[in-house]
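# Structural description and commentary
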Amino acid sequence: MPELPGARPGRPAPGSKPDHPYSGRWNGSFPRVSKELSRVEESSRRGQILRLLRAEPGLTRIEVARRTGLSATTITRVVAQLVADGSVTEAGKVSRLGTGRPGTEISIEPTSYFVIGVHIGAGSVRIGVVDLMGVSHRQSGFDFEPHQDADVVLDRVAVSVTQLIADTGVDRSRLLGMGVAVPGPVDADHRRLLMPINLPWRDVPVADRLEKMVGLPVVVDHNVRSMALAEAQFGAGKGLSSVAFIYLRMGVGAGLVVEGQAFQGGVHGAIEIGHLRVVEGGEKCICGGVGCLETVLSERALRSALADLGMPSDVSNPFVALLSAAAESPAAAAHAELVVKRFATGLSGLVNLLNPELILLGGFLSAVPEEFVGQLTEATREAVFPIIRPTVQLRRSDLGLDAGVYGGATIALDHFFYT
Ligand SMILES: [Zn+2]
């Protein structure tokens, strides 16, 4: 394996030993021993203040004190540290409270630090340099053959990330780490991809390999769960107490965020909405079950339906192609109606169990016409418990096909900045 420019195995690259205050937490490995209590407490106070400023930029110190319950002394000390390292800035004086001296507005300085967001999909990789407020500044990516070894693909990821950092011109001391959104369950330490469903990989040490090659700390999470977190923190779900994210690409998965925390349930750490049985005695599914939602709503099922309808199946978005065809062809319209019905059945299960405030539609679903979102909302409302019908809200995700890049970046920001 050729040594990458600026990278040494197991250690940050030369010159990347940053002098910023977060560098102290990274020494080439993740120590499991607990840190001194005082350092942990200070770090959690800093994280608490940063998370508040992420949600509500421009608060004054007094407002921060009221929201967090921290003492004025603590806030003054932590904010002074944050101002000193450039993470936050203080701007104009305001007196919203009506009494006493006007306060100074504090906001996160978005481009003081960056993270790398990586999305590894089943056959494609997208990479982005993302700032502290979730804005992507530059992206790149590549396609790969799904039968390729994980090591080969991860080595290409490392090369691409190193190149993207060079192209962006961002100083390595300003890079906090990398977050990798992967297509399957991860281990409890967020280091390894355990078992992707649509790739022949098993127990891949994603974080170890990328840390050695790129020289930045790495955290790994399930792709759909990380996308849900990105929407909840920076996207359409900002400020809501519960958000579900449905992602349709090769399969259909769901992620749920409650009170800012990604739901970590189940063996796979994500909600397998694609394998809810929506047709009794239906088609056999790749999971071994029968009549799963993915037998009608997955990339494979949609392309095969287009082919059966005598339409081109090699299109960039097979779901949008099916919906467009429905306007012209009664057979396509009938199939689209069936897919909506099955999808609504699957969504109704999610709504009846979890009742999220907002359901966001991502992947291929992010490009569907508004009219379809209305139809799906109505069909889902009809299938849920009456009292919660009016609460069912569906929207297209604004993150589009790059949702995974934002997802990866969001988990990196959570681990290396807002912690
Ligand atoms: Zn299944």
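Here, the structure is the one placed above.
Residues numbered from 1 in each chain as written. Predicted model: local features only at pLDDT ≥ 70, side-chain atom pairs only at ≥ 80, totals over all residues. Heavy atoms only, no water.

### Here we look at the overall build of the protein
What the protein contains, in helices and strands, is eleven helices and twelve strands. Counting across all 419 residues of the protein, residues that qualify as buried make up 52%. Sequence separation of 24 or more characterises 62% of the internal contacts of the protein that already satisfy a separation of 6 or more. (Helix = DSSP H or I, 4+ residues; strand = E, 2+ residues; numbered from the N terminus. Buried < 20%, exposed > 50% of the residue type's maximum accessible area, 1.4 Å probe, protein only. Contact = heavy atoms within 4.5 Å.)

### As for the side chain of D131
Turning to its location among the elements, D131 is positioned in strand 4 (residues 124-131). Although D131 lies buried, it forms no salt bridge, and the closest oppositely charged side chain, K238, sits 10 Å away as judged by the N-O distance. Not counting residues up to four positions away in its chain, the partners in contact with D131 are P110, T111, Y113, F114, H137 and L413. (Lys, Arg positive; Asp, Glu negative; His and termini not counted. Salt bridge = Lys/Arg side-chain N within 4 Å of Asp/Glu carboxyl O.)

### So, the side chain of T380
Residue placement: T380 occurs in helix 10 (residues 370-382). Residue classification places T380 among the buried positions, given a relative accessible area of 0%. Residues in contact with T380, not counting those within four places in the same chain, are A344, L347, S348, V351 and V392.

### A word on the coordination of the zinc ion
Around the zinc ion, the donor atoms from the protein are H275 (ND1), C285 (SG), C287 (SG) and C292 (SG), and they sit 2.0 to 2.3 Å away. Geometry at the zinc ion is tetrahedral, judged from the four donor atoms that bind it and their angles of 104 to 123° at the metal. Sequence spacing among the residues donating to the zinc ion works out to H-x9-C-x1-C-x4-C. Taken as a pair, H275 in the loop between strand 10 (261-262) and helix 7 (299-308) and C285 in the loop between strand 10 and helix 7 lie far apart in primary sequence, ten residues in all. By relative accessible area, H275 is classed as partly exposed at 21%. For C285, a relative accessible area of 8% corresponds to the buried category. (Donors = N, O, S within 2.8 Å, 3.2 Å for Na, K, Ca; no water. Tetrahedral: all angles 85-135°; square planar, octahedral: opposite > 155°, others 65-115°.)

### A closer look at the pattern of salt bridges
For the structure shown, the criterion picks out 15 salt bridges. Between D203 and R192 there is a salt bridge whose closest N-O contact spans 2.7 Å. Of this pair, D203 sits in the loop between strand 6 (175-182) and helix 5 (206-214) while R192 sits in the loop between strand 6 and helix 5, and the two are eleven residues apart along the sequence. For D203, a relative accessible area of 39% corresponds to the partly exposed category. Among the residues examined, R192 registers a relative accessible area of 28% and is labelled partly exposed. Among the charged side chains, a salt-bridge network with shared partners connects D151, D155 and R209.

### Things to note about the environment of V243
As for its position among the elements, V243 is in strand 8 (residues 242-248). Judged by relative accessible area, which is 1%, V243 ranks as buried. Separated by twelve residues in the primary sequence, V243 and G255 have C-alpha atoms spaced 8.3 Å apart. Other than its neighbours up to four places away in sequence, V243 contacts A232, G237, G255, L256, V257, P356, L358 and L360.

### Here we look at helix 5
Residues that lie three or four places apart on an α-helix share one face, since the helix turns once every 3.6 residues. Inspection of helix 5 places V206, A207, L210, E211, M213 and V214 among the buried residues, and these make up the whole buried set. Turning to helix 5, the residues buried within the fold contact helix 4 (150-168), strand 6 and strand 7 (218-222). Looking one or two residues past helix 5, G215 carries a phi angle of roughly 80°, positive in sign.

### So, the nonpolar core
Core analysis: the biggest nonpolar cluster contains 47 residues, and I49, L53, I108, L132, F245 and Y418 have the highest contact counts within it. Within the residue set of this core, elements represented by two or more residues are helix 1 (37-55), helix 2 (61-68), helix 3 (72-84), strand 2 (103-108), helix 6 (223-234), strand 8, strand 11 (358-363) and helix 11 (403-416). Considering each element in turn, this core owes the most residues, eight residues, to helix 11. Y418 has contacts with G47, L50, R51, R54, I108, L132, M133, F234 and L413, leaving out every residue within four places of it along the chain. In this structure, L256, L302, V384 and I388 belong to the second largest nonpolar core, which totals 39 residues. (Core = buried A, V, L, I, M, F, W, Y, C linked by side-chain atoms within 4.5 Å.)

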